[in-house]
Amino acid sequence: VWCVIWCGVVCHLVWCVIWCGVVCHLVWCGVLQVTLSGDMTWAGQFHGHSIRLGFAVDKMQTSLAREVVCIHGFHFEFRIERIERLKNDFTLQIERLCPTDPSMTFYTSGERPFAMRRDRPSFYCITAQFLDKGGHRQKSTTGVLKHVFGFKPNNKHSKVLTVGKCRLPLFASFELVFAS
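What comes next is a walk through the structure.

**What about the overall build of the chain?**
Working step 1: A tally of helices and strands in the chain yields three helices and nine strands.
Working step 2: Across the chain, helices and strands are ordered from the amino to the carboxyl terminus as α-α-β-β-β-β-α-β-β-β-β-β.
Working step 3: Considering the chain as a whole, with its 180 residues, one finds that 38% of them fall into the buried category.
Working step 4: Partitioning the intrachain contacts of the chain with sequence separation of at least 6 by distance along the chain shows that 64% fall at a separation of at least 24.
Working step 5: As displayed, the chain has an accessible area near 11200 Å², and 62% of this comes from carbon and sulfur atoms.

This is the structure we're talking about:
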């Protein structure tokens, strides 16, 4: 009888220790993630570990797509625009937003934290897929680039990917990883 009770107590203690260890690990990882301002370890596999956002553009407007996204307290605007003088040319880019930026709405900034870190080293890739005039599928990309996003005009924007002479629909993907 004592053996059965002793085994039950030991099993319960082992289960509690394992469960507490898992919870402590998850809490510590969360605290570490916030303290490091979202640093991500990706071990060279950029496309498998990046945060991705995609757009499918199928109608002709000046401002085709823009999305403000908060990632670990850093606000970015992902944007696709049509070059006004050329009907079938488009630009794609990423921009880091300031807390006072007019494109920030209450929804995007009101309830979310804003990182106090001025500069954010990041890796990014912008890719566009479209059909050319002949109906052949084309792909244009910036490749994986390293950039320090900040609030100053010279490092606020990513490299602009310009796509020319394409037919709609235009499929665009933005990928982002915070460097540690």
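Next comes the rest of the description.
**Some words on the environment of Gln 93**
Working step 1: Here Gln 93 shows up in strand β4 (residues 90-96).
Working step 2: Separated by 66 residues in sequence, Gln 93 and Lys 159 have C-alpha atoms that sit 6.5 Å apart.
Working step 3: Not counting residues within four places of it along the chain, the set of residues in contact with Gln 93 comprises Glu 77, Phe 78, Arg 79, Ile 126, His 157, Ser 158, Lys 159, Val 160 and Phe 174.

**Brief notes about the side chain of Glu 95**
Working step 1: The topology assignment puts Glu 95 in strand β4.
Working step 2: At a separation of 2.9 Å, a polar atom in the side chain of Glu 95 contacts the side chain of Arg 79.

**Considering the packing of aromatic side chains**
Two measures describe an aromatic ring pair: the distance that separates the ring centres and the angle between the ring planes.
Working step 1: According to the stated counting rule, one finds six aromatic pairs in the structure shown.
Working step 2: Ring geometry for Phe 76 versus Phe 149: centroids 5.3 Å apart, planes at 80°, classification edge-to-face. Taken together, the residues Phe 76 in strand β3 (residues 74-82) and Phe 149 in strand β7 (residues 145-149) connect sequence positions 73 residues apart.
Working step 3: Within the aromatic cluster, the residues linked to one another by ring pairs are Phe 74, Phe 76, Tyr 124, Phe 149 and Phe 178.

**Examining the pairing of strand β5 (residues 120-132)**
Working step 1: For β5, the buried fraction is high: 11 of the 13 residues fall into the buried class.
Working step 2: Bridge count between β5 and strand β6 (residues 137-141): five bridges; the pairing is antiparallel. Looking across to β6, one finds that Ala 128 is bridged to Ser 140.

**Overview of a positive patch on the surface**
Working step 1: On the surface, a cluster of positive charge is contributed by Lys 87, Lys 133, Lys 165 and Arg 167.
Working step 2: Residue placement: Lys 133 occurs in the loop between β5 and β6.

**Examining the pattern of salt bridges**
Working step 1: For the coordinates displayed, the defined rule picks out six salt bridges.
Working step 2: Between Arg 79 and Glu 81 there is a salt bridge, with its nearest N and O atoms 4.0 Å apart.
Working step 3: Using a relative accessible area of 27% as the deciding quantity, one classes Glu 81 as partly exposed.
Working step 4: Here Lys 156 makes a salt bridge to Glu 95, at a shortest N to O gap of 3.6 Å. With Lys 156 in the loop between β7 and β8 (161-163) and Glu 95 in strand β4, this residue pair connects regions lying 61 residues apart in the sequence. Glu 95 matches Lys 156 in its accessibility class, with the two residues each being buried.

**Some thoughts on the nonpolar core**
Working step 1: By size, the foremost hydrophobic cluster in this structure holds 25 residues, and its most contacted members are Phe 76, Ile 80, Leu 92, Ile 94, Phe 174 and Leu 176.
Working step 2: Breaking this core down by element, the ones donating at least two residues are β1 (51-57), β2 (63-71), β3, β4, β5, β8 and β9 (166-178).
Working step 3: In terms of residue count, β9 provides more of this core than any other element does, six residues in total.
Working step 4: Look past the residues within four positions of Phe 174 in its chain and what remains in contact with it is Ile 51, Arg 52, Leu 53, Phe 55, Phe 78, Arg 79, Ile 80, Leu 92, Gln 93, Ile 94, Cys 125 and Ile 126.
Working step 5: If you look at the next biggest cluster of nonpolar residues, it comprises five residues, including Phe 46, Phe 123, Val 177 and Ala 179.

So, how was this worked out
Residues numbered from 1 in each chain as written. Predicted model: local features only at pLDDT ≥ 70, side-chain atom pairs only at ≥ 80, totals over all residues. Heavy atoms only, no water. Helix = DSSP H or I, 4+ residues; strand = E, 2+ residues; numbered from the N terminus. Buried < 20%, exposed > 50% of the residue type's maximum accessible area, 1.4 Å probe, protein only. Contact = heavy atoms within 4.5 Å. Areas by Shrake-Rupley, 256 points an atom, 1.4 Å probe, with all protein chains shown as cover. Polar contact = N/O pair within 3.5 Å; in protein donor to acceptor, adjacent residues only side chain to side chain. Phe/Tyr/Trp six-rings, centres within 6.5 Å; stacked < 30°, edge-to-face > 60°. Pairing = 2+ DSSP bridges. Patch = residues over 30% accessible without salt bridge, like charges linked within 9 Å, V, L, I, M, F, W, Y side chains within 5 Å. Salt bridge = Lys/Arg side-chain N within 4 Å of Asp/Glu carboxyl O. Lys, Arg positive; Asp, Glu negative; His and termini not counted. Charge placed at Lys NZ, Arg CZ, Asp CG, Glu CD. Core = buried A, V, L, I, M, F, W, Y, C linked by side-chain atoms within 4.5 Å.

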